[in-house]
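# Analysis of the macromolecular model
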Amino acid sequence: MAAVDVTAGRDVPQRVRALLGDAAVLVIDGQERAAEGGETFTTVDPATEQVLAEVALASAGDVDAAVQAAKGAHLDGRWRQLDPAKRARVLLQVADVLARDAGEIGWIDTLDHGKPLKMARAEMLSASDCFRYFAGLVDKPMGDVIPSRQGRFVYSQREPVGVCAQIIPWNFPLLMAAWKLAPALAFGNTTVLKPAEQTPLSALWLVRVLSEAGVPDGVVNLVQGPGEITGQAMIEHPDVDKIAFTGSTEVGRHVMRTAADHLAKVTLELGGKSPNLVFPDAGDLDRVARRAAFACFYNAGEVCTAGTRLVVDATIHDEFVSKVAAAADVTAVAPGWFEGATMGPLVTGEHRDRVAGFVESATGEGAQLVTGGERPEELDTGFFYRPTVVDGVTPTMRIAQEEVFGPVLAVQTFDDEDEAVALANDVSYGLAAAVWTRDLGRAHRVASKLEAGTVWVNTYGDLDTTVSFGGVKQSGIGTELGPHAVEAYTQPKSVWIAT
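Attention shifts here to the overall build of the chain. Secondary structure summary: the chain contains 16 helices and 22 strands in total. In terms of overall dimensions, the chain is globule-like: its C-alpha atoms have a radius of gyration of 23 Å, near the 23 Å expected for 499 residues. With the principal axes as the frame, the chain shows a C-alpha extent of 75 × 60 × 40 Å. Classification of the 499 residues of the chain by burial places 57% in the buried group. Across the chain, the fraction of contacts at a sequence separation of at least 24, relative to all contacts at a separation of at least 6, is 74%. Carbon and sulfur atoms make up 51% of the accessible area of the chain, which amounts to about 19200 Å² in all. Separation of charge centres in the chain, based on 43 positive and 66 negative side chains, amounts to 7 Å.

Dropping the structure here:
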């Protein structure tokens, strides 16, 4: 088969092209400037393996400047003391711009991450919804009047945490920035934001949007660079009051240990190894198989909640696995701007090799490769990898226990409900899970036994800004989104008045 020209049809909007040529800046105290030592790093288009842009690499000194700018903005109250209605109007304007420019902004994450353009644009609309939702919560954190002893009037109020260090992952670059920034800003905090070094570009666009919408200088500061340099300087800074991190469980542990040195508050959204349980009474197996494929292969499997473990009843195993493999085989793997693309490349060549290593390990341990396990033969450029199904996986295999973070589905088989639940819970993670059954009692019974922060029944992957999101076990601490986000970005104060 002839090789595909991976650059064909790439009609990048002019404003996005301008960003690519103007990305070597940090944003500190409202000013765009180079890193203090002039250092930069490159970000690469994973579909073409071409350099997209030079990006400023923030040193510890740059991070300190950003933290001090955020601290100054917090102390003088330029944002937290702004009338709630005015703060809400700023966030609503951000939401409007994200929705209006979704087509353009989506190009940034398609180029930088590799995701299909249609999906990137949908993520921009979700980011808009996130800012709109939290704009509506600006004036909702309320305190209480507390009955106490005679001669005392006691009340509580919620106040901003202060300076928030926010570190986001590379799989949903702008959307994850919105998940962090929208609630922090809604409740009056100031921030230092670090996007992943693999996908740094859309964060710069978003910070510019925030500034144009009226967020005061110093309230949102942008630093970029690798975790071991820039991220480390953020999490160990003594003037950081709160760390919000999304990423791997291993790095999350390091963040928590480091934060303990200065007792910064921490929320962690970490890894997952989510089970997708399919019972014999699941209904239309063709539909369920397509959804199981979506659960694992969406965003090239680079999703913390991905349904990477298919736990299927033995009586329907052969038929169902065949249907899932067929769905994998018709997944349109291509550069994100190609018409009809439903899965792009993995984010880097190093990550693709890591994903392939999991498949090789599994087959070496006795699992069977059903489909995939290789680069699409027509794509000889880019970090592409075919959707992959591996059967005969046992609980002790590495692929059953560790997060692959790629388009690889591990199939496990059960004989009864108790075994299904035991298999599902037999990992250190607890981010998400799903149950497919037409038995209402079983649906409730199994959902209550699954160790996961989110459980879907007869669907997979549904998320909404209005619904709190978080994990249990090794999948994290705290929640994002929904009304519970107020707990992550505010702290209570009790006031006693002698009467």
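Next comes the rest of the write-up.
This brings us to the layout of surface pockets. It is the rolling of a water-molecule-sized probe over the atoms that shows where space remains empty. The space that makes up the second largest pocket amounts to roughly 290 Å³. Taken together, 15 residues line the second largest pocket, and the ones lying closest to its centre are Arg80, Arg158, Glu159, Pro160 and Phe187. Those elements that place two or more of their residues in the lining of the second largest pocket are α3 (84-100) and β6 (152-160). For the lining of the second largest pocket, the element with the most residues is β6, which contributes three residues.

With that settled, consider empty space enclosed by the protein. One pass over the structure, following the stated rule, counts two cavities of 30 Å³ or more. There is about 60 Å³ of room inside the largest cavity. As for the largest cavity, its lining consists of 16 residues, and the residues nearest its centre are Pro275, Tyr429, Gly430, Ala432 and Glu451. Elements with a contribution of two residues or more to the lining of the largest cavity: α14 (417-425), β17 (429-430) and β18 (432-436). Residue composition of the lining of the largest cavity, by class: nine nonpolar, four polar and three charged. Size it by volume and the second largest cavity reaches roughly 40 Å³. As for the second largest cavity, its lining consists of Phe245, Thr267, Leu268, Glu269, Phe469, Gly470, Ile477, Gly478, Thr479 and Glu480.

We now examine the sheet that holds β18. Strands belonging to one sheet form pairs held by backbone hydrogen bonds; the direction of such a pair is parallel or antiparallel. Spatial ordering of the open sheet is given by β14-β15-β16-β13-β12-β18-β19, a layout of seven strands whose pairing is mixed. Strands at the two margins of the open sheet, each flanked by one partner only, are β14 (368-371) and β19 (454-457). Between one strand axis and the next, the sheet turns by 25° as a mean value, whatever way the strands run. Across four bridges, the pairing between β18 and β19 is parallel. Residue pairing for β19: Ala433 is matched across the bridge by Val455. Contacts from helix α12 (residues 349-364) reach β14, β15 (388-391) and β16 (408-414) within the one sheet, and its direction differs from that of β15 by about 25°.

Definitions and cut-offs
Residues numbered from 1 in each chain as written. Predicted model: local features only at pLDDT ≥ 70, side-chain atom pairs only at ≥ 80, totals over all residues. Heavy atoms only, no water. Helix = DSSP H or I, 4+ residues; strand = E, 2+ residues; numbered from the N terminus. Rg over C-alpha atoms; globule rule 2.2 N^0.38 Å. Buried < 20%, exposed > 50% of the residue type's maximum accessible area, 1.4 Å probe, protein only. Contact = heavy atoms within 4.5 Å. Areas by Shrake-Rupley, 256 points an atom, 1.4 Å probe, with all protein chains shown as cover. Lys, Arg positive; Asp, Glu negative; His and termini not counted. Charge placed at Lys NZ, Arg CZ, Asp CG, Glu CD. 1 Å grid on protein atoms, 1.4 Å probe; cavity = no way out; pocket = protein on both sides within 12 Å on 5 of 7 lines; lining within 4 Å. Points joined across faces, edges and corners; volume = space filled by probe spheres on them. Nonpolar A, V, L, I, M, F, W, Y, C, P; charged D, E, K, R; others polar. Pairing = 2+ DSSP bridges. Axes fitted to C-alpha atoms, helices over the stretch in contact; angles between N-to-C directions.

Interpretation note: all reported values are geometric properties and have no functional meaning in isolation.
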